[in-house]
Amino acid sequence: MEAIVNTLVGYIWGNALVILSLGVGLYFTLATRGVQFRYLIKMVCLLKENKASKEGISSFQAFCLALSGRVGVGNIAGVATAIAAGGPGAIFWMVVMGLLGGASAFIESTLAQIYKQRSDGQYRGGSPYYIEKGLKLKPFAIIVAAVICLSYGVLVPGIQANTIADSFQTSFNIPPMVTGAIVTVLMAWLIFGGVKRIASAADKVVPLMAVAYIIMMVIILGSHYEKVPAMFGLIFRSALGMDAVFGGIVGTAVSWGVRRAVFSNVAGAGEATFSSAAAEVSHPAKQGLIQAFSIYIDTVVVCTASGLMILVTNMYNVFPDGAASALVEHVPGVAAGTAWTQMAVSTVFESAGSGFVAIAVFLFAFTTLMAYYYIAETTIVYLDRKLKYPVLKLILKLVFLVILFMGSVQSVSMMWSLGDIGFGSMSYLNLIAIVFLSKPALRALRDYERQEKLGIDPKVAGVENAELWEDISKEYQSQQQNKVGKTEGELTTEQK
């Protein structure tokens, strides 16, 4: 079984997906004139718009919910596997993919807002919704929804649960079965509480864990400051094929850097589109900008933090696929994963380092699992929009919880391979879809920029086949008329 799964991974994660991910990111960067760079300050300002409603969560909650899906074990264990296969240069290409991916994240999240719908008293949307409404290809949308539901409901959750169990066994000697049971019970409490409870938990935990992790990176780099210049030199030389040791695997560095960036931030895979659609914003492009910023936090900040801690402390090995022997072996016998980061932190905090990373892994992975369930549930709602079979949600909850527990005690390599199949499949489907849907997303961006130049708070972008935004537009117009009427009434009173 494992051999079959690994063969599938090889086909899915070949050069085609690497080229497609880089190509789409570059295309949208040029098409939007570098929207992820031009509006960086505006992205931070938009996070302060904390408006929620009965139907939608706030844009900040949507940002945290999406970030909870992006920031997971890929930011710790995934970075280690990228270094192990592609060398230090993989970190450079991971950041490049993250920067380009910001444009893809803007496009897909803007589309999610444009084509969102009201369902069961909540805003729902995501890649299947905009494929059906925007491309008018319902059969394709159903296939995408089914693939996403299978990926987030079955294939991917085991990675997060397995990494939590492994890190707690290493740090605290807790049996995986016990950790799996605890994680399963906690997750059951959250997912039976609905999306509001999930979003509420995300906006509290995600910022805390990200800030703590960055502080730890600064401390580790500061403690090894004399090695920092040489480390950055090694990264750049390896990435560009100029290093004597790693220059021969530059292609592998690019491949694994892109692969783990896509796995970590999932820009273009459609993951963040579901939380983006749930947000209450006045213009679709606003949520697109917020989600573009989440790529910076995930890849450029958190992933890079893991890589720098591992490299500056020399807690890594490099053993490219197919190589007869390791190019570098600084920690013999230690497999790539969270253990490398734990060892890196332990160079400064000898007794507490391993425990800190284990707790960070738990927070990263647990919040990611919250996002995974929400995405899987949204695809169930899409497939059963008339709510004829409410039992489907219950079945999803039970299957998701069983997978969590099973993932805690299964082979780690098997869990990562299944996750690669899920993310790779989604990436192919969604990247192709958003390229064909670039026109409405770019129109929304131009509309946003036009209103910004006029000095007004951008509200509503007129887009075809987006009925909900037509209703929202009428609501804003009604509010504006009421304000005008109220002002005129006040002036009349003053005149009297």
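Quick notes on the rules
- Residues numbered from 1 in each chain as written.
- Predicted model: local features only at pLDDT ≥ 70, side-chain atom pairs only at ≥ 80, totals over all residues.
- Heavy atoms only, no water.
- Phe/Tyr/Trp six-rings, centres within 6.5 Å; stacked < 30°, edge-to-face > 60°.
- Helix = DSSP H or I, 4+ residues; strand = E, 2+ residues; numbered from the N terminus.
- Buried < 20%, exposed > 50% of the residue type's maximum accessible area, 1.4 Å probe, protein only.
- Contact = heavy atoms within 4.5 Å.
- Core = buried A, V, L, I, M, F, W, Y, C linked by side-chain atoms within 4.5 Å.
- Patch = residues over 30% accessible without salt bridge, like charges linked within 9 Å, V, L, I, M, F, W, Y side chains within 5 Å.
- Areas by Shrake-Rupley, 256 points an atom, 1.4 Å probe, with all protein chains shown as cover.
- Salt bridge = Lys/Arg side-chain N within 4 Å of Asp/Glu carboxyl O.
- Polar contact = N/O pair within 3.5 Å; in protein donor to acceptor, adjacent residues only side chain to side chain.
- Expected span 1.5 Å × (residues − 1).
- Axes fitted to C-alpha atoms, helices over the stretch in contact; angles between N-to-C directions.
- Left-handed = near helix turned anticlockwise from the far one by under 90°.
- Nonpolar A, V, L, I, M, F, W, Y, C, P; charged D, E, K, R; others polar.

### A look at the packing of aromatic side chains
- For the structure shown, the criterion picks out 13 aromatic pairs.
- Pairing Phe92 with Phe236 gives two aromatic rings, centres 5.8 Å apart and planes at 75 degrees, and the pair type is edge-to-face. In this pair, Phe92 is assigned in helix H7 (residues 89-114) and Phe236 in helix H13 (residues 228-239), connecting sequence segments 144 residues apart.
- Residue classification places Phe92 among the partly exposed residues on the basis of a relative accessible area of 22%.
- Seen in terms of ring centroids, Phe168 and Phe172 are 5.3 Å apart; in terms of plane orientation they differ by 65 degrees. Their pairing is edge-to-face. One end of the pair is Phe168 and the other is Phe172, both in helix H10 (residues 157-172) and four residues apart, which spans about a single turn.

### Side note on the environment of Ala210
- With respect to the helices and strands, the residue Ala210 is situated in helix H12 (residues 195-223).
- Each C-alpha atom of the pair Ala210 and Asp298 lies 8.8 Å from the other, and the pair is 88 residues apart in sequence.

### Overview of the environment of Met426
- Structurally, Met426 is set in helix H20 (residues 412-436).
- Residue classification places Met426 among the buried residues on the basis of a relative accessible area of 2%.
- Placed 190 residues apart in sequence, Met426 and Phe236 show a C-alpha to C-alpha distance of 31 Å.
- Not counting the four nearest positions on each side in its chain, Met426 is found in contact with Val147, Ile148, Ser151, Tyr152 and Ala269.

### As for the nonpolar core
- Membership of the largest hydrophobic core comes to 147 residues, with the highest contact counts inside it found for Met187 and Tyr316.
- With 18 residues, helix H18 (residues 353-383) is the largest single contributor of residues to this core.
- Among all residues touching Met187, those that are not within four sequence positions of it are Phe366, Leu369, Met370, Phe400, Leu401 and Leu404.

### Observations concerning a nonpolar patch on the surface
- A contiguous nonpolar surface patch, about 860 Å² in accessible area, is contributed by Leu150, Val154, Phe192, Tyr389, Val391, Leu392, Leu394, Ile395, Leu398 and Val399.
- Looking at the nonpolar patch, the elements that each hand over two or more residues are helix H9 (138-155) and helix H19 (391-409).
- Top contributing element to the nonpolar patch by residue count: H19, with six residues.
- Given a relative accessible area of 32%, Leu392 falls into the partly exposed group.

### Observations concerning the pattern of salt bridges
- Applying the stated criterion across every chain yields a total of eight salt bridges.
- Asp457 is the partner of Lys286 in a salt bridge, and the nearest nitrogen-oxygen pair spans 2.7 Å. Of this pair, Lys286 sits in helix H16 (residues 284-312) while Asp457 sits in the loop between helix H21 (438-453) and helix H22 (467-495); the two residues are 171 residues apart in sequence, bridging distant segments of the chain.
- Here Glu377 ties to Lys397 by a salt bridge, and the two come within 3.6 Å at their closest N and O atoms.

### A short note on unusual backbone geometry
- Here the phi dihedral of Arg33 falls at roughly 55 degrees; this positive angle occurs in a residue that is not glycine.
- Given a relative accessible area of 49%, Arg33 falls into the partly exposed group.
- The backbone of Asn173 shows a phi angle near 60 degrees, a positive value even though the residue is not glycine.
- By secondary structure assignment, the location of Asn173 is in the loop between H10 and helix H11 (176-191).

### Some details on the side chain of Ser167
- Turning to its location among the elements, Ser167 is positioned in helix H10.
- Here the side chain of Ser167 touches Ile164 through a polar contact of 2.9 Å, landing on its backbone oxygen.
- The contacts of Ser167, once residues within four sequence positions are left out, are Thr338, Gln342, Ala358 and Val361.

### Regarding H10
- Taking 1.5 Å of rise per residue, 16 residues should cover 22 Å, and H10 covers 22 Å from first to last C-alpha, within 8% of that figure.
- All buried positions along H10 are accounted for by Pro157, Gly158, Ile159, Gln160, Ala161, Asn162, Thr163, Ile164, Ala165, Ser167 and Phe168.

### Let's talk about helix H5 (residues 59-70)
- Between the first and last C-alpha of H5 there are 16 Å, a value that for twelve residues agrees with the 16 Å anticipated at 1.5 Å per step.
- A large share of H5 lies buried, amounting to eleven of its twelve residues.
- Those residues of H5 that sit buried are Ser59, Gln61, Ala62, Phe63, Cys64, Leu65, Ala66, Leu67, Ser68, Gly69 and Arg70.

### Here we look at the packing of H9 against H18
- In contact at an axis separation of 8 Å, H9 and H18 are set at 145 degrees when each is read in the N-to-C sense. The handedness of the crossing between H9 and H18 is left-handed. The segment H9 lies against H18, with Lys138, Ala141, Ile142, Ala145, Ile148, Cys149, Tyr152 and Gly153 engaging Tyr372, Ile375, Ala376, Thr379, Ile380, Tyr382 and Leu383.
- Partitioning the contact of H9 with H18 into residue classes produces twelve nonpolar, two polar and one charged.

### Looking at the environment of Ala161
- Along the polypeptide, Ala161 turns up in helix H10.
- Residue classification places Ala161 among the buried positions, given a relative accessible area of 2%.
- Distance in space between the C-alpha atoms of Ala161 and Val183 is 7.6 Å, their sequence separation being 22 residues.
- Excluding its chain neighbours within four sequence positions, the residues that come into contact with Ala161 are Leu404, Gly407 and Ser408.

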